[in-house]
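# Residue-level structural notes
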Amino acid sequence: MHHHSNNTKQSKLTPIAAAVGLMIMGAAMSAHAQEQQVQKQQAEEPAQVIVTGIRASLQQSLNQKRNSDSLVEVITAEDVGKMPDKNVADSLQRLPGVSVAAAGGGEGSFGENDRVALRGTPFGLTLTTLNGHSVSSGDWFADNIVGGGRSVSFSLFPSELIGRVTVHKGSQADLLEGGAEGVVDIETRKPLDFKKTFNAQVSVGGVNSSNSGKTDPQLNGLIAWKNDQGTLGVLVQAFHEKRTLSRVGQENQVWYDHVDPGSPIDKAIPGAGTAIKTTPVAGAMANYLGGTAWFEQKRTRNGGLIDVQMKPNSDLTVDLTAFYSHLDAPNINHNFMQSLGRFLAPSWATTNFPAGAVSGTLSNGVITQLTGTVPANCAACATMSSAVQEEFSRPVAESKSQFFDVDAKYRVNDKLTLKGRLGTTKGVGNTVSGALGVWMPYTGGSYTITDANSPVIYNTPGANKFSIGGMQATPYTYGSHVTANDKETYGELNGTLRTDWGAVSTVQFGGRVAEHKRDLTSIGINALPGLDSVANLPMSGLTAFPSDFNDLGANGAGYWTFSQDAVNGWLNKYGSYSGDLRQSEFNIKEPTQSAFVMANFNAESLSGNFGLRVVHTTEEVNRYEIGPSGSFEPKRYSNSYMDFLPSANFRLDVTKDVVARFGTSRTMARPELGMMAGVDLRDVQGTGNVGNPNLRPIRANNYDLGVEWYFAPKSMLSADAFYSALDGYVTYGSGTATFYNQLQKQNTVYQVSTPVNTTAEVKGLEFAYVQDLAKGFGVNANYTYTLGKETGHAPGSPCGALAYQDCTLIGTSKNAYNLGVFYEQDKLSARITYSWRSGFLNGTSRNSAAFQAPIGTLSASLAYQINENYSVTLDGKDLNNPLVRSIIHTPGAMDLPGSLYKNGRQVYFTLHAKF
């Protein structure tokens, strides 16, 4: 009976009525599927469990995909609840064409999916909305606070909030602009949608993280009430979730650089100073600085949602929603780095160091093996160090997201319905950071690089006990207090008009005004008297790196370090934050105005929509630049642009079970806010990323062609082809610029990367297969093939290089697949899923590019329904303890190992109660 239910559409229905009808139908189908199952379980009360279960939610998701006029992917609430998904991004990664990353940039992974992107493009090209409106979020990691601003951090949205998520691939005129590659819309639950007048749900559980060995609480609650008449409903949700993270890692990409002619390595290893002829430097690549990184973090996510719906009569509905989420995530990175290469490779360091005390191997443009010994009567050794310990602590690291939104819908008459919306949203990222740095004396040592996939083997004599000296005999610090505020206030008015124009059933139209603002303040850390005294180091806090480092196949276990509490106590006592770092600060104002008109048509077996959205954007960027006086002076840039964004979507019911689709659209995304103004510098290396206030928006011409075959109940086979031509895609050009160097306390020249607009294209194929098999089993699988490349050859960018041209797109995995099996019978249900994506470009630095290596993650879930009110779930995430690693690619040299991280496994046990 399932597949005949919704093939013929009636042309008289408005899209809203059709959607309501579909939801009722979907719920009815789900209820039927569930009812048969529940009758077996407990004949006495079949009505209590209506839409639960993997199959029921699967049916809902497929119905909504099938009946949409444009190409969408849908996840309904039970999908989220039935998987070890602690935020929405985990669930989204299982959809074809969707990629996720466990971090906002090149900082590696923190065991939680945080960013969502569509079709192998950067995160900033996908717009994330909540209930159809924009939402601001923050980051706790300073690089992302400085350089980001568009993409939403999913670690602020626990999955329990979600009623449904719709991923729009391609576009239509009534969708909010800003997603060049698509829109992810998260819908929360609504009080008037519940069947019963009173509903209460509570989940109490814990998560055990294998690396930290800690078990932390996970609490979620929901109360929904509505009156008997269905004219007033109130919903309140709250969450409190904790997790203790201990990440073991090796970071080698901190500073790979060229060997200087005339340096000790050049004198000792023939050809080292001239091995690579890439401009502007000729020498072989050496590891200047790299080593062990132990990251500890305690994450606490608190917040909630309040929704009040009023329906005083059948023509008017008013909905007020307020949301708040706060992620508190203080952390420390214990970074023990070998500095052998730094003292032996550049000629400025130790030209008089005896070449006889240096030996090594030059292979494929890289010093793959390097050994330094301690010569007798070595004058140069007094200012050299074999290693440096940098404990980089963030005693304050937090992000917030909040919004307040009022929606109203009014049926003027049989023909016209109006919808209005007013709202405001705010995101905050706030981080206070400081380093405790200690250089150690020169004790010799060695490193060995085997290949790009293996850890570097560092040998640093004396690494297991505290010592200080060599390069600097006193402790040092650097750091900042960085805060970003991101706000948007918006208002919109839309209408739907029923027409008598033959095939055109309704016309939708509307307008929206918004003002987006982002500001960034940065305050420097200053050393108070006593900071540079060895006697004041927190020696009682001496501790060692954990044995988990052995899992990486890398050194580190047993190396000395200070505890997080000890570092924070020292920073508190001997560091203070004052003085604006003007070069990093900015504020951006972005007023936008948009209007659209869209016609929905329905003729026999063909339906769809076509329309136009017109958008006007102004970017006002205020930042500081070095003026004629040599000090930082405010400078203002203002640009505005107009966009005409047509779209058309066609859906053909070929047979009662086969749907074919074609969509085409022009879309736009505004450039990342931080890319227009942010300044992110590495004072030691003399490198940085510097914003470009004149970036243009990214515009895309998109084409989609797809077919779906619903060959059995709760089953589907689909194939899609997509092509997107991007004009304004952002790549990085290289150059030099002068900035104030905090370490040197003077203006110095930096090698910088600056974002520039270019052109690019993305094309690919998506395949999906879902089937409900016999005896309670089911399978779901999908595969996405994506080819992306820059086509613009921007000057100074890797794609614009004459030699060793590289036009790889950031974020594009050529191959990605998901495999899942589920089982659901009587009171027991289980799921196991494996997600894999091939390697992709993550970013560029200096003369090198960092590629994320392929990664696969295994997750599983087991649920048992004790009775109609209680159930228990056991969820496992990252069960294969995946290795997250990067590869450094330098033109003319062999690929090098970048970072390697392991976050361990997470196991969640939860008791759920429903009343």
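Residues numbered from 1 in each chain as written. Predicted model: local features only at pLDDT ≥ 70, side-chain atom pairs only at ≥ 80, totals over all residues. Heavy atoms only, no water.

## Let's talk about the overall build of the protein chain
Regarding its fold elements, the protein chain presents ten helices and 43 strands. Taking 2.2 N^0.38 as the reference for a compact globule, 915 residues should give roughly 29 Å; the C-alpha atoms of the protein chain span a radius of gyration of 29 Å, in line with that estimate. Its C-alpha atoms put the protein chain at 95 × 60 × 50 Å along the principal axes. Classification of the 915 residues of the protein chain by burial places 58% in the buried group. A sequence separation of at least 24 residues applies to 74% of the contacts in the protein chain between residues at least 6 apart. Of the accessible surface of the protein chain, which amounts to about 34000 Å², a share of 58% is contributed by carbon and sulfur atoms. The positive charge centre, built from 74 side chains, and the negative charge centre, built from 79, are 2 Å apart in the protein chain. (Helix = DSSP H or I, 4+ residues; strand = E, 2+ residues; numbered from the N terminus. Rg over C-alpha atoms; globule rule 2.2 N^0.38 Å. Buried < 20%, exposed > 50% of the residue type's maximum accessible area, 1.4 Å probe, protein only. Contact = heavy atoms within 4.5 Å. Areas by Shrake-Rupley, 256 points an atom, 1.4 Å probe, with all protein chains shown as cover. Lys, Arg positive; Asp, Glu negative; His and termini not counted. Charge placed at Lys NZ, Arg CZ, Asp CG, Glu CD.)

## Side note on the pairing of strand S8 (residues 198-209)
Where S8 lies against strand S9 (residues 214-226), twelve bridges are found, and the strand directions are antiparallel. By the bridge assignment, Val 202 is partnered in S9 with Gly 221. Adjacent in sequence and paired antiparallel, S8 and S9 are bridged by four residues, among which Gly 213 carries a positive phi angle near 70 degrees. One ladder, built from nine bridges, connects S8 with strand S43 (residues 906-914); its direction is antiparallel. (Pairing = 2+ DSSP bridges.)

## Thoughts on the pairing of strand S17 (residues 416-439)
The buried fraction of S17 amounts to 18 of the 24 residues, a majority that puts the element mostly inside the structure. In this sheet, S17 lies alongside strand S16 (residues 387-411) in antiparallel orientation, the contact comprising 22 bridges. Residue pairing for S17: Phe 392 is matched across the bridge by Ala 435. From the end of S16 to the start of S17, which pair antiparallel, there are four residues. In this structure, S17 lies alongside strand S20 (residues 479-501), joined through 19 bridges in antiparallel fashion.

## Brief notes about the pattern of salt bridges
Using the criterion set out here, one finds 39 salt bridges in the structure. Here Arg 301 and Glu 112 are joined by a salt bridge, their closest N and O atoms 3.1 Å apart. With Arg 301 in strand S11 (residues 285-313) and Glu 112 in the loop between strand S2 (98-101) and strand S3 (115-118), this residue pair connects regions lying 189 residues apart in the sequence. For the pair Arg 301 and Glu 112, a shared accessibility class is recorded, and that class is buried. Note that Asp 407 and Arg 421 form a salt bridge whose closest N and O atoms lie 2.8 Å from each other. Of this pair, Asp 407 sits in strand S16 while Arg 421 sits in strand S17, placing them 14 residues apart in sequence. Residue classification places Arg 421 among the buried residues on the basis of a relative accessible area of 12%. Members of the salt-bridge network, linked through shared partners, are Lys 65, Glu 73, Arg 119, Lys 169, Asp 704 and Glu 766. (Salt bridge = Lys/Arg side-chain N within 4 Å of Asp/Glu carboxyl O.)

## A short note on the nonpolar core
Membership of the largest hydrophobic core comes to 39 residues, with the highest contact counts inside it found for Ile 265, Leu 344, Phe 353, Ile 367, Leu 370, Tyr 447 and Ile 449. Of the residues forming this core, the biggest block, four residues, is contributed by S11. Setting aside chain neighbours within four positions, we find Ile 265 in contact with Val 259, Ala 272, Leu 344, Ala 345, Val 358, Ile 367 and Leu 370. Counting residues in hydrophobic clusters, the runner-up holds 28 residues, among them Ile 75, Leu 92, Leu 130 and Leu 161. (Core = buried A, V, L, I, M, F, W, Y, C linked by side-chain atoms within 4.5 Å.)

## Observations concerning the confidence of the model for the protein chain
Any segment with low pLDDT has predicted coordinates that should not be analysed in fine detail. On average, residues of the protein chain carry a pLDDT of 87, and 91% of them reach 70 or more. Within the model, the stretch residues 1-51 combines pLDDT values under 50 with 73 contacts to residues more than four positions away or in other chains. (pLDDT = per-residue confidence, 0-100.)

## Examining the environment of Lys 400
Residue position: Lys 400 is located in strand S16. When the C-alpha atoms of Lys 400 and Lys 426 are compared, they prove to be 7.9 Å apart, with 26 residues separating the residues in sequence. Excluding anything up to four places from it in sequence, Lys 400 contacts Ser 137, Gly 138, Leu 156, Tyr 324, Ser 325, His 326, Lys 426, Gly 427 and Val 428.

## As for the sheet that holds strand S4 (residues 126-130)
Spatial ordering of the open sheet is given by S1-S6-S7-S4-S5, a layout of five strands whose pairing is mixed. Of all strands in the sheet, those bounded by a partner on one side alone are strand S1 (72-76) and strand S5 (133-134). Sheet topology note: the S4/strand S7 (residues 182-188) ladder contains five bridges and is parallel. Within S7, the residue paired with Thr 128 across the bridge is Val 184. Strands S1 and strand S6 (162-169) of the sheet are contacted by helix H2 (residues 54-67), whose axis makes an angle of about 155 degrees with S1. (Axes fitted to C-alpha atoms, helices over the stretch in contact; angles between N-to-C directions.)

## A closer look at the side chain of Thr 784
Positionally, Thr 784 belongs in strand S34 (residues 777-790). Judged by relative accessible area, which is 5%, Thr 784 ranks as buried. In this structure, Thr 784 is in contact with Pro 96, Gly 97, Leu 765, Glu 766, Lys 814, Asn 815 and Ala 816, ignoring residues within four places of it in sequence.

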